[in-house]
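A look at the structure
Take a look at the letters that make up each chain.
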Number of protein chains: 2
Amino acid sequence: MKRLLLALLSLALVFAANADEGMWLFNQPPREILQSRFQFAPSDAWLEHLQKSSVRFNSGGSGSFVSADGLLISNHHVGADALQKLSTQEKNFLRDGFHAQSFAEEIKCLDLELNVLDSIEDVTSRVNAAIPKAVDASTAFLARRKIIAEIEKESQDKTSMRSDVVTLWQGGAYHLYRYKRFTDVRLVFAPEQQIAFYGGDPDNFEFPRYDLDICLFRAYENGKPATVTNFLRFSASGPKDGDLVFVSGHPGHTSRLLTMSELEGLRDETMPFNLSTLKRLEVLLGNWSARNDENARRARKLLFSAQNARKANDGRLAGLLDPDLMNPKSKAESDFKTKLVGQSQYADALAAYDKITEATKILMAQSRRHALLEGGQAFNCDSFRIARTLLRAGEERPKPNGERLREFSESGKTSLEIALFSEKPIYTDLEILTLSDSLTFLATQFGANDPLVKKVLAGKSPRDRAVELITGTKVRDVAFRKHLYEGSAAAVTAAHDPMIELARLVDPDARALRKVAEEQDEIKQQAHAAISRARNALLGTSGYPDATFTLRLSFGTVKGYEEDKKTVLPFTTLGGLYARAKEMKNRPPFDLPILWEKRKSHLNLKTPFNFVSTCDIIGGNSGSPVVNRAGEFIGIIFDGNLQSLPWDYAYNDKQGRAVSVDSAAILEALNNVYGARELAGELLKGRRIQ
Amino acid sequence: MKRLLLALLSLALVFAANADEGMWLFNQPPREILQSRFQFAPSDAWLEHLQKSSVRFNSGGSGSFVSADGLLISNHHVGADALQKLSTQEKNFLRDGFHAQSFAEEIKCLDLELNVLDSIEDVTSRVNAAIPKAVDASTAFLARRKIIAEIEKESQDKTSMRSDVVTLWQGGAYHLYRYKRFTDVRLVFAPEQQIAFYGGDPDNFEFPRYDLDICLFRAYENGKPATVTNFLRFSASGPKDGDLVFVSGHPGHTSRLLTMSELEGLRDETMPFNLSTLKRLEVLLGNWSARNDENARRARKLLFSAQNARKANDGRLAGLLDPDLMNPKSKAESDFKTKLVGQSQYADALAAYDKITEATKILMAQSRRHALLEGGQAFNCDSFRIARTLLRAGEERPKPNGERLREFSESGKTSLEIALFSEKPIYTDLEILTLSDSLTFLATQFGANDPLVKKVLAGKSPRDRAVELITGTKVRDVAFRKHLYEGSAAAVTAAHDPMIELARLVDPDARALRKVAEEQDEIKQQAHAAISRARNALLGTSGYPDATFTLRLSFGTVKGYEEDKKTVLPFTTLGGLYARAKEMKNRPPFDLPILWEKRKSHLNLKTPFNFVSTCDIIGGNSGSPVVNRAGEFIGIIFDGNLQSLPWDYAYNDKQGRAVSVDSAAILEALNNVYGARELAGELLKGRRIQ
């Protein structure tokens, strides 16, 4: 046990020795910790059931099955992407909510893909064996991309399942994840955004909270509700203070195992640049939205995402600038390096740090250019993203599978086509707005006299050029996209579409930047693998890798905290919602939906509404089920508090908390606000009674 | 006349030959144009009366006397600074408005200084004669600063008037401006911000508009309403479509005579950096304001300023990126340079362009560092600004007048002390917010490992350091400020105030950056003077210099325009306000103040509300009176439309327009909304009937 704790301390910089840290792999769960600290020993069946009840939303988020009839629950803000795409000026589901009272009324989402993790296989040796020794980074990268594509294709052909090779430990391991895929997903229920996101941006990442951040979908197969074996039993009562709870979900990304030079690159370059971009976008969309209701509706999801990311990144940057976080990390790194000195078997690990520093320098030096050209930030609109996909599909698809850009590999084909052929609405005015703004940004970043900028703007102002491109392109027509995609590179060229031609114009530069990034990433992966080997040898193999938007298990306790010398209780209640609205004079975003005003007297105001726990989560965990020892659904993650934002770099449960909606509040709202008794019944019974 | 038009075309890049362009000096008015185009010959008395009725708000803006009893009118958004400083949580004058029904109820503003231009004297030869020939830029700068301080001090001693030497034509001329100064200024009337700034940020810089953007003050002398000889007669009826109108006000800054290299520096460096700073501040203050009403009140003026500047600068940047604006400018510059080639008497003018390019490069290379350290953007809070003033006052005041930093010269003493000893409220929470944010920005700009950043943060996070500095400093106590200011540099040192010590820590770097900027500006001034001489010799001396926040005369016609193939009429009406509110469903910021809802039936809805004209204005002109041929007050400038924003670089009246409140609407609102009949009476009669 001592050895384990030491490992945790050194690796992940835990602040409290008994902290409930970890985003654990389902194939390497924290059995020892759970046993020793909580006397809990999850069976293999318990784990498998939770794994197979958990759902990944490919649009970015988590969820879980909660009925044998394919009903699944996630957050409203995870469902928002689907809700936005289904909404029109007449029917604003995102704002006003939705309730299908029968299967027939459930609406098919336009491009939503769900994944359920079926199995994990360690393919590290096979991947590494395919990389020739002593070759340059470019050759190694190409070989690695090739073997990964090969493994994925082979698995897919064999199992018909979505098959992804996942890079863990920054390159220390490669696991093959196989998913059951659902592509017919229908909207069942959404509350008003006003209550799902009660308190709006001001209360986002705060606690106490009063948010019904849920959205119900149903998976269909062959045109009928899917019959699922693994789903979570819904608890009517939720957790109690001090309970051990678990979160099963898909944390998107953490950076806890990065070296100091990588963290400094994030702190001094990547994060400030991203924040500046997010704030620019927030101002642009916020002000455009304020001009009228329809603008606001069209930009709603984009604006929310920008605000949410801005607040999260502000918190992360604060973590990177906090000596209380960075100094221990720095010390741990130098302590570990000291251990390696003079031991020839770890020479590669010691040298790895310098290699990572060097690669990071190269990456940071080109990072803005990369973000603008390869990341597409200079051409921020759906039309450009589609145009580039069409251009590159024409070039990549004729190549052998293993030699294509990763996103065009055979195993990614289904997902790519779902996104590319989506009938989601694309608004010309919004496209012109964001493209004008991003072309302006491009010009200011490179200077308006830069030869590439001149070619991109073609002698016009950013606004005039954006109008010309957006009104001239045909890529918003799905039939046109299919025609080009199913044609050849020659067909794409023959179309003479202005947006595709823009994508072609910048593609040599964009691909060159990508090539450098891929090579440097390969160098870093090899270096991290060396560090990983030394770490395992010196500190043991326990622990968990950084988050990778793959399924992880977290555990923790329901527990309040101290803030500004006051105790923050772990639970809020429905009654607290009404008190908050009164305190804030019902001023938006603290106003209540009309229905909630009306139904107040029908509600048990003592019902727990939201609660906090010490579970280790991060963005991507949104919508993750919270379960108790019995594996029952007792809540749903929807946020972390402000103090949890630096968890990207290091977990600390002094004040940091995960925030969930209590299962009891979900039932109370469905029954007594929305009159959705058939859904409440389905949750409680685990199947739909028609 | 042809010669004059040629000059205008070449110099200021007028787009239409008959455009109503120009921010004319009162000592060089556009008599020929007014005569030939409008058959109007303003007498010297007409000009002097208008000049002496015009008022400069030192807080940034314009206004005019409108009664013999010292009543003066400006914009609500100019008065906002005073309104914010006078407001408390209990009495929110900025939001709710104010109405003094008697002299006794008028409230003294905390630090408002008004200037009325009394005379102008050309001191160009005296300034230039004092600069030794063939010395380096540093020596020339010091000599220039010395002679200017000397001229100002001498004038002030002789006349007791505020005396400013103004640099015109970027260094082509130096004029001594003498002002009568008012420092006892009292608030008389302000409408609700909701109607003053109806439509808020979304409608800012737009037209049609429906804003009662006015604020009434009264100048006092010896504790009594000042008796003024020059004030504008108030017209009950406002202008008519097609009328010739004049604007007398203080445009803050234009960049029309900059060389291409200077414009490119603005476009590629200064403007993007400023915009990024403004958007960061807008997001910070906007979200803090949304948390509760008191936050919103405290940050109101700052947030408005950030939003207003952001929208203006976005428009300016669009101008700089518009080939329709930049290409003619570029052509005019090369045409002019072609004229100079091979003529030895203009060799200095031709060489001047390269000197400006070189100086601009040096300035741009240090511009961010300059903005952060010398501009103080790294320490964005009032406490720092006060602390630095105290530090530098201690160091500068013992020096001879001509050797001090410009802002500590004898002639600036009164203004400096009014600002320094202001009892305006400074909010600890808001100070911590903006200081944390700006320290974070500093760290990201220089990198957190930068030695200066490390010294500034002193081993703490930006937030912790901000809390320490703001809670530790005593500079918010005016008595403390006076004590240090009246003491010596030693007293400042002995105080060991943490914020002053921070200012001391960065002062060597800040002063070094300033020194470079002053030297390069001196080089540019000499270069522009050479260009100016060549221009006068080759193209004639008519024209107007770039705006310098000094009194200028503009003229134009009341005139609509075409936009998106629709005609925009020049006038809106009070009735249009109610229609707009209905169209926007009374959603903020399109909701009406309760009083305006209530009093609707008492209003003549046909009353003209706002109107546009082709008068050449820019920021700083806010609050400028609009007068007719008879010199009567017929309206008040409060905005330009979006298309006028590039006027910073070139005037163009195809769509660009100045936006004013009609004098008729002012009377109608005072009488029939606010029941302020005594004020309406005072405006009409030109004196107060008690």
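A quick note: this is a predicted structure, and the numbers were derived from the prediction, not measured. Per chain, residues are indexed from 1 in the order of the written sequence. For this description, chains carry letters from A and ligands carry numbers from 1, given in the order in which they are written. Given that this is a predicted model, residues contribute local features only at a pLDDT of at least 70 and side-chain atom pairs are listed and counted only at 80 or more, while totals for whole chains, interfaces and linings are drawn from all residues. The side-chain values count all of the structure's non-hydrogen atoms but skip hydrogen atoms and water molecules.

A look at the overall build of chain A
When helices and strands are tallied, chain A shows 26 helices and 21 strands. Radius of gyration here uses only the C-alpha atoms, and the compact-globule reference equals 2.2 Å multiplied by the residue count raised to the power 0.38. Relative to a compact globule of 690 residues, whose C-alpha radius of gyration would be 26 Å, chain A shows 25 Å and is just as compact. Scored against the burial criterion, the 690 residues of chain A give a buried share of 62%. Contacts in chain A between residues far apart in sequence, at least 24 positions, make up 78% of those at least 6 positions apart. In this charge count, Lys and Arg are treated as positive and Asp and Glu as negative; neither His nor the chain ends contribute. Lysine's charge is taken at NZ, arginine's at CZ, aspartate's at CG and glutamate's at CD. Side chains of chain A give 91 positive and 88 negative charges; the mean places of these two sets differ by 1 Å. The numbering of helices and of strands both runs from the N terminus, where a helix is a DSSP run of H or I of at least 4 residues and a strand a run of E of at least 2. The classification of residues rests on relative accessible area computed with a 1.4 Å probe and restricted to protein chains. Under 20% of the type maximum is buried, over 50% is exposed, and intermediate values are partly exposed. Any pair of residues with heavy atoms lying within 4.5 Å of one another is described as a contacting pair.

A word on the sheet that holds strand S14 (residues 552-557) of chain A
Residue and element names in this part refer to chain A. The rule for pairing is simple: two strands pair if DSSP sees at least two bridges between them. With antiparallel pairing, the eight strands of this open sheet are ordered in space as S1-S14-S13-S19-S20-S21-S18-S17. Lying at the two open borders of the sheet, with one neighbouring strand each, are strand S1 (24-25) and strand S17 (571-573). Pairing geometry for strand S13 (residues 244-249) and S14, over six bridges, is antiparallel. What sits directly across from Phe 246, in S14, is Phe 555.

Brief notes about the sheet that holds strand S21 (residues 658-662) of chain B
Residues and elements named next belong to chain B. Sheet architecture is open: eight strands sit in the order S1-S14-S13-S19-S20-S21-S18-S17, paired in antiparallel fashion. Of all the strands in the sheet, just strand S1 (24-25) and strand S17 (571-573) have a single pairing partner and so form its edges. Axis lines are fitted through C-alpha atoms, for helices just across the contact stretch, and the angle between N-to-C directions can take any value from 0 to 180 degrees. Contacts between helix H23 (residues 574-583) and the sheet are confined to S17 and strand S18 (608-613), with S17 contributing the most and set at about 75° to the helix.

So, the relation of the copies chain B and chain A
After a rotation of 180° and a shift along the axis of 0.0 Å, chain B superposes on chain A with an RMSD of 0.0 Å. Accordingly, the operation relating the two chain copies is best matched by a two-fold axis. A share of 100% of interface residues in chain B that are also interface residues in chain A marks the association as one of identical surfaces. Least-squares fitting of one copy onto the other uses the C-alpha atoms of those residues that reach a pLDDT of at least 70 in both copies.

Regarding the domain arrangement of chain A
All names here are of chain A. Entries for chain A in the domain assignment read domain 1 (2-113 + 183-256 + 545-685), domain 2 (118-181) and domain 3 (322-535). Computed over C-alpha atoms only, the centres of domain 1 and domain 3 are separated by 32 Å. The interface of domain 1 with domain 3 comprises 15 residues on the first partner and 13 residues on the second. Note on domain 1 versus domain 3: buried area summed over both sides is about 1200 Å², and carbon and sulfur give 70% of it. The salt bridge criterion pairs a side-chain nitrogen of Lys or Arg with a carboxyl oxygen of Asp or Glu, the two atoms within 4 Å. At the junction of domain 1 with domain 3, the criterion picks out zero salt bridges. Polar contact criterion, stated in full: a pair of N or O atoms within 3.5 Å, where within protein one must be able to donate a hydrogen and the other to accept it, and residues adjacent in sequence count only if both atoms are side-chain atoms. On inspection of domain 1 and its partner domain 3, the count reaches four residue pairs in polar contact (both at pLDDT 80 or more). Grouping the amino acids of the side of domain 1 that touches domain 3 by side-chain chemistry returns seven nonpolar, four polar and four charged. For the domain bounds, the source is a domain assignment made automatically or taken from a database. Put simply, buried area is the surface a 1.4 Å probe can reach on two separate parts but cannot reach once they are joined, added for both. Charged means Asp, Glu, Lys or Arg here, nonpolar means Ala, Val, Leu, Ile, Met, Phe, Trp, Tyr, Cys or Pro, and polar covers whatever is left, Gly included.

Quick look at the packing of aromatic side chains
The description of two aromatic rings rests on the distance between their centres and on the angle between their planes. All names here are of chain A. Only centres within 6.5 Å qualify two rings of Phe, Tyr or Trp (six-membered ring in Trp) as a pair; their planes then separate them into stacked at under 30 degrees, edge-to-face at over 60, and tilted for everything else. Throughout the structure, instances matching the rule amount to 40 aromatic pairs over all chains. Ring geometry for Phe 65 against Phe 182: centres 5.7 Å apart, planes inclined by 70°, an arrangement best described as edge-to-face. Linking Phe 65 in strand S3 (residues 61-65) with Phe 182 in strand S9 (residues 173-182), this pair joins segments that are 117 residues apart in sequence. You'll find Phe 65 and Phe 182 in the same group, each marked buried.

Let's talk about the interface of chain B and chain A
Counting residues at the interface gives 38 residues for chain B and 38 residues for chain A. Summed over the three residues of chain B that lose the most area to chain A, namely Arg291(B), Leu321(B) and Thr444(B), the buried surface amounts to 19% of that side. Between the two partners, chain B and chain A, sit eight salt bridges. Arg291(A) is the partner of Asp203(B) in a salt bridge, and the nearest nitrogen-oxygen pair spans 3.7 Å.

Notes on the environment of Leu142(A)
In this fold, Leu142(A) is placed in helix H7 (residues 137-159). For the pair formed by Leu142(A) and Ile131(A), sequence separation is eleven residues and the distance between their alpha carbons is 8.8 Å.

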